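What follows is each chain in one-letter form.
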Amino acid sequence: MERYQEFLQHANDAIFRFEHRPPVPIALSEDAIVERMMKSSVLADANSAFVRIYGGTDLRQLLSRPLEGFGGREATLQLVRSFVRSGFRIDDAEWQFRQ
């Protein structure tokens with residue numbers, strides 16, 4: 001865990017993790033999963049590069065912020081749908097951040 005935290009904090013790229021509260025069952029239809037993820041996803045962890053993108057100085061300022069609050073509704077909807085369609089994985093994607 002310590003190596004993970006060190007890697008996370010020293011990476012130049014923004015790295016982040018969202019949680020779904022409550023968890024989203026993956027046996028639902030694609031549309032239902034996307035809808036629930038849009039409603040329940042909140043920021044659970046991020047590195048300092050991610051915090052700086054949003055003008056923050058401390059991760060605690062951003063924790064529990066809804067997913068949609070970081071990229072806007074349409075951009076986030078496209079990203080979530082792509083995430084679901086690809087088997088819940090995204091590689092080499094860009095997301096238009098907004099503050």
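Residues numbered from 1 in each chain as written. Predicted model: local features only at pLDDT ≥ 70, side-chain atom pairs only at ≥ 80, totals over all residues. Heavy atoms only, no water.

Looking only at helices and strands, the protein chain features 5 helices and 2 strands. Counting helices and strands in the order they occur from the N terminus, the protein chain gives α-β-α-β-α-α-α. For a compact globule of 99 residues, the expected C-alpha radius of gyration is about 13 Å, and the protein chain comes in at 14 Å, within 12% of that figure. When the backbone C-alpha atoms are referred to their principal axes, the protein chain occupies close to 40 × 30 × 25 Å. (Helix = DSSP H or I, 4+ residues; strand = E, 2+ residues; numbered from the N terminus. Rg over C-alpha atoms; globule rule 2.2 N^0.38 Å.)

Attention shifts here to the confidence of the model for the protein chain. Of the residues in the protein chain, 95% have a pLDDT of 70 or more, and the chain-wide mean is 88. For the protein chain, per-element mean pLDDT is lowest for helix H4 (residues 68-71), which scores 82, and highest for helix H2 (residues 30-40), which scores 96. (pLDDT = per-residue confidence, 0-100.)

In terms of nonpolar packing, the biggest core is built from 16 residues, with Met37, Leu43, Phe50, Leu62, Phe70, Val80 and Val84 touching the most fellow members. Of all the elements in the fold, those that place two or more residues in this core are H2, strand E2 (41-46), helix H3 (48-53) and helix H5 (73-85). With 4 residues, the top contributor of residues to this core is H2. (Core = buried A, V, L, I, M, F, W, Y, C linked by side-chain atoms within 4.5 Å. Buried < 20%, exposed > 50% of the residue type's maximum accessible area, 1.4 Å probe, protein only.)

Time to look at unusual backbone geometry. Geometrically, the link from Arg21 to Pro22 is a cis peptide bond, its omega value of 5° lying close to zero. The phi torsion at Ser64 lies on the positive side, around 70°, for a residue other than glycine. One can find Ser64 in the loop between H3 and H4. Of the residues examined, Ser64 reaches a relative accessible area of 42% and is grouped as partly exposed. Of note, the phi angle at Phe88 is positive, near 70°, even though the residue is not glycine. Structurally, Phe88 can be placed in the segment after H5. Using a relative accessible area of 32% as the deciding quantity, one classes Phe88 as partly exposed.

Aromatic rings considered in pairs are described by the distance between their centres and by the relative angle of their planes. Counted by the stated rule, this structure contains 7 aromatic pairs. The interplanar angle of 45° and the centroid separation of 5.2 Å between the aromatic rings of Phe50 and Tyr54 together place this pair among those described as tilted. When its relative accessible area of 0% is taken as the criterion, Phe50 is described as buried. For Tyr54, a relative accessible area of 9% translates into the label buried. Taken together, a centroid distance of 4.9 Å and an interplanar angle of 80° make the contact between Tyr54 and Phe70 edge-to-face. Of this pair, Tyr54 sits in the loop between H3 and H4 while Phe70 sits in helix H4, placing them 16 residues apart in sequence. Residue Tyr54 shares its accessibility class with Phe70, and that shared class is buried. The rings of Phe16, Phe18, Phe50, Tyr54 and Phe70 are connected pair by pair, giving a single aromatic cluster. Its end group placed over the ring of Phe70, Arg65 keeps NZ or CZ at 4.5 Å from the ring centre. (Phe/Tyr/Trp six-rings, centres within 6.5 Å; stacked < 30°, edge-to-face > 60°. Lys NZ or Arg CZ within 6 Å of the ring centre and 35° of its normal.)

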